[in-house]
Structures are given as C-alpha cells and as structure tokens.
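In case you want the letters, here they are:
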Amino acid sequence: MTERTPEATKQQHLKMVREAWDLYHPDYMQFHLKARPDFHTFFRNGGVHIDRTTIELVGNVEGLRLLDVCCAGDATQAFSWENLGASVVACDLSPKAIEIAKDNARVIGSSVEFIVADAQQLAPIPDEQFDVAFTVLASLIGTADGR
Ligand SMILES: C[S@@+](CC[C@H](N)C(=O)[O-])C[C@H]1O[C@@H](n2cnc3c(N)ncnc32)[C@H](O)[C@@H]1O
C-alpha cells in the first residue's frame, strides 16, 4: 500500500470537507428563505442582521475594507457589513456557497465580491488589503436583535 504524504492527506480531507459543504449549501439557502421570505428585499433595503454586541466589538466599518471569512451562500454578515458602509470581500471554501452568494448579490444589487478560498490559506486573496477580517458561526434565527 502506498503511503500518503501529510500534504496529500490534508488535501484529501479538504476535498471531503468542501464536497460535504457543497452538498449542504442549497438546503441551507432554502432554510434561510423559509425563515426570512423577505431575505432579498431586506438586504436590498439596507437591512443588517448581525447582533449588536458583534457590531459594537467590530466598531464603525464605514469606508473600511472588510474581509468576511466562511461567508456561506446566504452571506448574511457580508451583506450586513456592506449595508453598514464597508467595502466587503467575502470568501468560502465551498464553490457552491459562492455560486449561491453571487446569485443572492445579483438579486439584492450588492457589490460584495465573493471568492472561493480556504480559510487556512486565504489564497488567492492578497495580503494587506483589509482593515477588518471577520468570521463568525451564527445562524439566521435568534442571532440578531429583535428578529
Ligand atoms: C456554519 S456556516 C457559517 C456561515 C456564516 N459565517 C454564519 O455564521 O452564518 C460555516 C461556513 O464555513 C464554510 N467553511 C468550512 N470550512 C471552511 C474553510 N476551511 N475555509 C473557508 N470556509 C469554510 C462552509 O462552507 C460554511 O459556509
């Protein structure tokens, strides 16, 4: 039996993780649309769906370049940061998530730039381009104030 190098094993794991998330994302987006049928109009009208504590912690993002890592297809935080005045680049390991996010951006009329990238490397995103790097594990329901 041929032994895998540590790098080959790592790449194999990453491929499995990516494929699993690719399968998950279409349903994840449907979940969001079910929970918030006004999803697109909410963000088109300037909506923000991030809890107050997080917003306070990050501070005023107006005019800042913000990188949102692990954005998912709904890209709830990426669209929210944009509505709070940031210029946003958002990335995810899953090409399916990025495809869904780009579709959402088109419907919303958002300028967020979506890129497929592994959070461990962030390639092909260039270094030294951002004022804020952000990531969170939240869910649509119960994470933003009053929603
Ligand atoms: C539970 S979701 C969180 C999404 C969003 N940040 C939120 O809190 O609503 C986790 C996301 O991380 C992405 N992900 C998993 N491993 C990743 C990695 N190594 N690099 C970048 N994204 C990754 C998944 O595709 C998924 O979109």
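Shown above is the structure to which this text applies.
Reading the values: the criteria
Residues numbered from 1 in each chain as written. Predicted model: local features only at pLDDT ≥ 70, side-chain atom pairs only at ≥ 80, totals over all residues. Buried ≥ 20, exposed ≤ 12 C-beta atoms within 10 Å, placed from the backbone. Helix = DSSP H or I, 4+ residues; strand = E, 2+ residues; numbered from the N terminus. Pairing = 2+ DSSP bridges. Near = placed C-beta within 6 Å. Nonpolar A, V, L, I, M, F, W, Y, C, P; charged D, E, K, R; others polar. Axes fitted to C-alpha atoms, helices over the stretch in contact; angles between N-to-C directions. Contact = placed C-beta atoms within 7 Å.

### Here's the deal with the pairing of strand S1 (residues 65-69)
Burial analysis of S1 places four of its five residues in the buried class, which makes it a mostly covered element. As defined by bridge partners, S1 adjoins strand S2 (residues 87-92) across five bridges and the pair is classed as parallel. Considered in S2, the bridge of leucine 67 is made with valine 89. Bridge count between S1 and strand S4 (residues 132-135): four bridges; the pairing is parallel. Looking across to S4, one finds that aspartate 68 is bridged to phenylalanine 134.

### Description of the site of the ligand
Close to the ligand lie 17 residues; Trp21, Cys70, Ala72, Leu93 and Ala119 are nearest. Going through the elements one at a time, helix H1 (6-35) and helix H4 (76-83) are the ones with two or more residues in the shell around the ligand. Broken down by class, the residue content of the shell around the ligand amounts to 11 nonpolar, four polar and two charged.

### Thoughts on the sheet that holds S2
Strand order in the open sheet made by the four strands is S3-S2-S1-S4, with parallel pairing throughout. Two strands in the sheet have a free side with no partner beyond their single neighbour: strand S3 (113-116) and S4. Put simply, the sheet's adjacent strands are angled 20° from each other on average, direction ignored. The sheet contacts of helix H5 (residues 95-108) involve S2 and S3, and relative to S3 the element is tilted by about 170°.

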